Amino acid sequence: MTGISINQKESYSQLISITRMNSHYKINFFWILLLFSSVLFACKTEDAVIPIPKPDTIVPPDTTGLRKVSPFPFGAALSIDLLKTKAIYRSTVIKEFNSLTPENVMKMKNISLGRGQYKWDDADYLVSFAQQNAMRVHGHALVWYKSTPDWVTNFAGTKEDWKLILHEYIVAVVGRYKGKISSWDVLNEAIMDDGTFRDCVWLQHIGIEYIDLCFQYAREADPNVLLFYNEYGTEYSSAKRTAVNKLVADLKGRSVPIDGIGLQMHTSISRANSDIQNAIAVAAQTGLKIHISEFDIKVNPDKLQDIIFNATLAAAQKEKYRITVKALLDLPASQRYGFTFWGVCDTNSWIPAEYGCPDWPLPFDSNYKRKDAYSGLLEGLK
Ligand code: G3I
């Protein structure tokens, strides 16, 4: 009792009881806070930014996923926003694919903010995601007439100055991902449907030599990365088909580095099987690797507004999926570079917005369920 008076003792026990009351309130407050946060968390799961998982938290690939059952890589063009925010999108990608193509974030307009100024964060995110989930990255696309930033369009300089900015850009981008990216669409859509070269700022300011330079600069920046020419429409235009092979033969003949052809294959159920098979077989005559690089099959090519996705359309789509995979499988193994969808599920396809009508072009439905088209892939792989 030394040193504590009765009054002091009373004050002391009052203090203890106030402290106990406070702890009681604190405990109640703690449980209320926990409950409130759980409710909030449950509501926000779909929207929350998902960090790149640590390797030990990765969803194990489904043994029935395309990445497991195919002798060549399967992939999809990925939206950085969906990958960061939508858990089912992310888990489907991890389960099914072992290759990814950035749908937009590696395009020049997205990555090149000005001369010597780059926006790397989204592209870096995709590359880390791929590394952590044992996927290869196919870079898309170094030079594409539709993705020319304003600073380039407005650039004023001599032919040599234009070569310099092309060189700076390609070396910076390919160099940054050296050893992390397996392949690049170096040049995208440089040929018109009639087989002539497409006009673009690089052609205007450098001349046709710009094509050689794109491939040479990419090779200079990464001696091991595979270099692709990527094109659409070779299934419907024989002039374009011929022009692509002529371009490739010319490049090879002059030892300009090129390793593969990307056939985009944005096509539809009304395209004849033989057109698709022929486009693949003709491109393969070059001896280069063949990438079905942006595959989707429209079921509403007539752009009807009141159409519904029924069993007949699903069966027609399944058949196009089957024969296309089979055509790739029929090539020598060394030429089958892979098969990439332009999106994952129907609701993330670019087609409805672009064509202004409903469509269901991809292998997964709006709930990420495998469609009949997916079974077509499996049948084509047998
Ligand atoms: O990110 C912005 C967003 O912030 C903004 O609110 C919104 C408003 O429109 O635009 C968003 O950007 C759009 C982006 O897609 C993401 O949705 C761009 O405007 C739009 O131009 C861009 O379209 C892409 C298009 O290439 C042009 O780059 C499509 O997603 C993409 O699927 C498409 O892909 C091309 C291949 O690269 C080459 N082959 C053809 C294929 C289809 O066109």
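Everything here concerns the structure above.
Summarised in this report is the structure supplied together with it. Note that this is a predicted model, so its numbers are computed, not measured.

Our next topic: the site of the ligand. Looking at the ligand, the residues that line it are Glu 103, Asn 104, Lys 107, His 140, Trp 144, Asn 188, Glu 189, Gln 264, His 266, Glu 294, Trp 342 and Trp 350. At 2.5 Å from an oxygen atom of the ligand is found a side-chain nitrogen or oxygen belonging to Glu 103. Take Trp 342: an N or O atom from its side chain is 2.9 Å from an oxygen atom of the ligand. Coverage of the ligand by the protein amounts to 43% of the 790 Å² it exposes when considered alone. Tallied by class, the residues present in the shell around the ligand amount to three nonpolar, five polar and four charged.

This part takes up the packing of aromatic side chains. Under the defined criterion, the tally for this structure stands at 20 aromatic pairs. Judged by centre distance (6.0 Å) and plane angle (75°), the rings of Trp 120 and Tyr 177 are edge-to-face. Linking Trp 120 in the loop between strand 4 (117–118) and helix 6 (121–132) with Tyr 177 in the loop between helix 8 (159–176) and strand 6 (183–188), this pair joins segments that are 57 residues apart in sequence. The exposure class assigned to Trp 120 is buried, which follows from its relative accessible area of 18%. Among the residues examined, Tyr 177 registers a relative accessible area of 2% and is labelled buried.

Okay, helix 4 (residues 87–96) next. Of the residues making up helix 4, those classed as buried are Tyr 89, Arg 90, Thr 92, Val 93, Ile 94 and Glu 96. Looking at the packing, one finds that the buried side of helix 4 touches helix 2 (66–69), strand 1 (74–78), helix 3 (80–85), helix 6 and helix 15 (372–381).

What counts as what
Residues numbered from 1 in each chain as written. Predicted model: local features only at pLDDT ≥ 70, side-chain atom pairs only at ≥ 80, totals over all residues. Heavy atoms only, no water. Near = heavy atom within 4 Å. Polar contact = N/O pair within 3.5 Å; in protein donor to acceptor, adjacent residues only side chain to side chain. Areas by Shrake-Rupley, 256 points an atom, 1.4 Å probe, with all protein chains shown as cover. Nonpolar A, V, L, I, M, F, W, Y, C, P; charged D, E, K, R; others polar. Phe/Tyr/Trp six-rings, centres within 6.5 Å; stacked < 30°, edge-to-face > 60°. Helix = DSSP H or I, 4+ residues; strand = E, 2+ residues; numbered from the N terminus. Buried < 20%, exposed > 50% of the residue type's maximum accessible area, 1.4 Å probe, protein only. Contact = heavy atoms within 4.5 Å.

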